[in-house]
Amino acid sequence: MMQYLRKNYRFGLDKWGAALFPAVILALAGFPCAAFLLYEASRKNGIALVPTAIFTICHLISSATNFII
């Protein structure tokens, strides 16, 4: 049983997961930030738009460097 679990532990990651992993990480980092940016843009809150844009850029960079590279 244990050998079966070790053998199939990374099931799916060999086929599609390795190719989709960077897209998933960037989506998990980018979509919440994009939601905040769109919310602030719809409210015309320019003061909060600048720090959120800076946070979005830093969040995408840190996600890329920590999880993809």
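Everything discussed here concerns the structure shown above.
Residues numbered from 1 in each chain as written. Predicted model: local features only at pLDDT ≥ 70, side-chain atom pairs only at ≥ 80, totals over all residues. Heavy atoms only, no water.

A. Examining the side chain of Glu40 more closely. Its location among the elements puts Glu40 in helix α2 (residues 13-42). Here Glu40 occupies a buried position and makes no salt bridge, while the nearest side chain of opposite charge, Arg43, is found at 10 Å. Each residue touching Glu40, except ones within four places of it in the same chain, is listed here: Asn45, Ala48, Leu49 and Thr52. (Helix = DSSP H or I, 4+ residues; strand = E, 2+ residues; numbered from the N terminus. Buried < 20%, exposed > 50% of the residue type's maximum accessible area, 1.4 Å probe, protein only. Lys, Arg positive; Asp, Glu negative; His and termini not counted. Salt bridge = Lys/Arg side-chain N within 4 Å of Asp/Glu carboxyl O. Contact = heavy atoms within 4.5 Å.)

B. Expanded view of a nonpolar patch on the surface. On the surface, Phe21, Leu26, Leu60, Phe67, Ile68 and Ile69 cluster together into a nonpolar patch covering about 570 Å² of accessible area. Breaking the nonpolar patch down by element, the ones donating at least two residues are α2 and α3 (46-68). The element that contributes the greatest number of residues to the nonpolar patch is α3, accounting for three residues. Of note, Phe67 is situated in helix α3. Look at Phe67 and you get exposed, because its relative accessible area is 52%. (Patch = residues over 30% accessible without salt bridge, like charges linked within 9 Å, V, L, I, M, F, W, Y side chains within 5 Å. Areas by Shrake-Rupley, 256 points an atom, 1.4 Å probe, with all protein chains shown as cover.)

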